[in-house]
Amino acid sequence: MGPDPEAKRENTASGRAGPPAGAPVQVPRRAWWDHPWRVVGGLCVLVCVSRLPFRTPMLTSWDAAQFALAMEDFDVARHRPHPPGYLPLVAAARAIDLLVHDANASLVLVAIVFSMLGVIAVYGLGRAMFDGRVGVTAALLYAISPLHWALGEVALPYTAEGALCAAVAWLLWHSRQGSGRHAIAAGLVLGLGAGFRTNLLLFLLPALVYALWPLRRRTKLVAVVALAIGCIAWLGPTIALTGGYARYVDASGALAERLVLAKSVPALLRAAGSRAALAQLAQNTDIVCGSLFGGGLALAAVLLLPLGRWHDAEPSARHGRRWFCAVVLLPASAFYILVHMARKGYVMTLVPVLLVLAAANAAGLAMRLRLRVRWIVGAIALGNACLFIALYPPQDRSDVEALRGKLLFIEQHFDPADTVVIDFPDFRLLGYYLRDFQVYALPGFATPGADDPGSQVGEWGMRYGREQFDEMVPVQPVVPRPLAFAPRVHRVVFTDERYLVVRQVPMRELRFGRGRTAGVVELTDVCRVFHYDVRGGWFSREEGAR
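Residues numbered from 1 in each chain as written. Predicted model: local features only at pLDDT ≥ 70, side-chain atom pairs only at ≥ 80, totals over all residues. Heavy atoms only, no water.

Enquirer: Would you mind going over the packing of helix H8 (residues 180–193) against helix H9 (residues 199–212) in detail, with residue names and values included?
Expert: As a packed pair, H8 and H9 sit with axes 10 Å apart at the nearest point and diverge in direction by 170 degrees. Between H8 and H9, the crossing angle belongs to the class labelled roughly antiparallel. Where H8 approaches H9, its residues Ala183, Gly187, Leu190 and Gly193 are matched on the opposing element by Leu200, Leu201, Leu204, Leu208 and Leu212. Taken together, the residues of the contact of H8 with H9 break down into seven nonpolar, two polar and no charged. (Axes fitted to C-alpha atoms, helices over the stretch in contact; angles between N-to-C directions. Helix = DSSP H or I, 4+ residues; strand = E, 2+ residues; numbered from the N terminus. Parallel < 35°, antiparallel > 145°, perpendicular 65-115°, else oblique. Contact = heavy atoms within 4.5 Å. Nonpolar A, V, L, I, M, F, W, Y, C, P; charged D, E, K, R; others polar.)

Set out below in structure tokens:
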């Protein structure tokens, strides 16, 4: 009996033998990047699980204290919070605070939520610009970026900045490909996102113009209207809560002038010469590069673009991506280097897009070296984890312990009815936690002999009176200024050691915490006024009753 003809292998149109009739069809196994939402969902869980155990137990920075104060009474003019306001961030934290009843915990939870949203946005950006494998890889690298990890544990807005930057870039990429609805959504999200971090509007506006350029005029108009609506949604209430347009503009302009514009490279070039400008330029560049390194070892892969070639051989596609990335990244980079760079978290505007490029380059590198991309990504992930432990060790809470020690020392040794506390670096935190004490910050006081007097402490004076931010006083460094105290005040406690270096006032030094020193001045009826010289760094007493 001959073979069953049904069992013969059939020839395909190409002449190749097909599978035997009736044989089970072998379905190819789906690659790991073909399960995107399962992978991204797992990464979001990873983000939440990795942040919660290491979250800071209390407010640890000046800005964080101002966000917490804004949750009680929002007023930008009194720096609750500082300009330009961050109203959506404060509103989100206040909504969470209705359940947790802890301002710091509420702000940290907002940071964690935006950390997870950022992972999703980075995945979408990578998938849109390249493919699912690059999207998932970029999302993984973003989830375990050491800087992103550390910022997800504190009460600051930088994870929101990273997530919104990635989301807007995602929408703008689709807009550049001709999608009008994505362009309108990009305008709205950018407008609303500016309420979380206003600099996003400045940095991403050129990218919005670039993305809208090839679209129809009507689509452009609607996108601009959506942008305006998003901005008005937070700016209108912010101005109203601050007490009017003039008060809001005055507060914002004063802070921008003294903190940002006065220290910019162009301003220093005009005022102090090329040497000071070059020094500031070098300092800004050093902070940006160091912050990007903390953003993740994967950023080093961006430098290997000629080797990896993004695993895409289409010159036109590469050209379009490079122009898009340049338009997104260059405005923020130029601002940080030439104008203002103070915190590592600022580079979260750059990290999402750079990690997408790094993920694409890792995929291209894997193809050229005939390696599995998972091995390259795994090595980078391990390096990021080690970098996080090295740069931001979870067990290191020295800032928290130092603040706790200072608070405990003041509460145990002094009476709020007759004591004034003077501090600068922790001034806002002490004012938040020590509600019964009068807490002051002396403006612009620096260590004598410093190259730039005032730079170590600040260029403005602020006073926190029990429950509110009382005033913001411009300081002329050359002129000694009086500091008078009410008759009921019997002692002044200086908890910042920089105030103890040079003085002409009898001061008793007390040790507290881990080797920290406080100075205590006992007031008498004939010595109730001090003069402090910002530039020289000294105090002198003024005899005579006041």
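Enquirer: Can you tell me about the pairing of strand S4 (residues 438–441), naming the residues and giving the values?
Expert: Taking every second residue as pointing to the same face, both faces of S4 are buried, with Gln438 and Tyr440 on one and Val439 and Ala441 on the other. Pairing of strand S3 (residues 419–422) with S4 involves three bridges; the strand directions are parallel. Counterpart to Val420 in the pairing with S4 is Gln438. Crossover handedness for the path S3 to helix H19 (residues 427–433) to S4: right-handed. (Buried < 20%, exposed > 50% of the residue type's maximum accessible area, 1.4 Å probe, protein only. Pairing = 2+ DSSP bridges. Right-handed = clockwise from strand over helix to strand, strands pointing away.)

Enquirer: Give me the lowdown on helix H13 (residues 274–294), citing residues and values where you can.
Expert: Spanning 21 residues, H13 covers 30 Å between terminal C-alpha atoms, matching the ideal 30 Å at 1.5 Å per step. Buried residues of H13: Ala277, Gln280, Asn284, Val288, Ser291, Leu292 and Gly294, and no others. In an axial view of H13, the angular spread of the buried residues amounts to 160 degrees, which keeps them on one side of the axis. Exposed and facing more than 90 degrees away from the buried side of H13 are Arg275, Leu278 and Asp286. (Expected span 1.5 Å × (residues − 1). Arc of directions from axis to C-beta.)

Enquirer: So what's going on with the nonpolar core? Which residues, and what values?
Expert: One finds Leu59 and Val119 to be the most contacted residues of the largest nonpolar core, which totals 145 residues. Once residues within four sequence positions are removed from consideration, Leu59 is found in contact with Ala64, Ala65, Ala68, Asn104, Leu107, Ala155, Leu403, Leu429, Tyr432 and Tyr433. (Core = buried A, V, L, I, M, F, W, Y, C linked by side-chain atoms within 4.5 Å.)

Enquirer: Could you give me a rundown of the environment of Phe388, with the residues and numbers involved?
Expert: Looking at the secondary structure, you find Phe388 in helix H17 (residues 373–391). Assessed through its relative accessible area of 0%, Phe388 is described here as buried. In sequence terms Phe388 and His148 are 240 residues apart; their C-alpha atoms lie 9.6 Å from each other.

Enquirer: Which residues make up the side chain of Thr238, and what are the values?
Expert: Here Thr238 is to be found in helix H10 (residues 217–242). Here Thr238 is in contact with Phe74, Val76, Pro84, Gly85, Leu87 and Tyr248, once residues within four sequence places are set aside.

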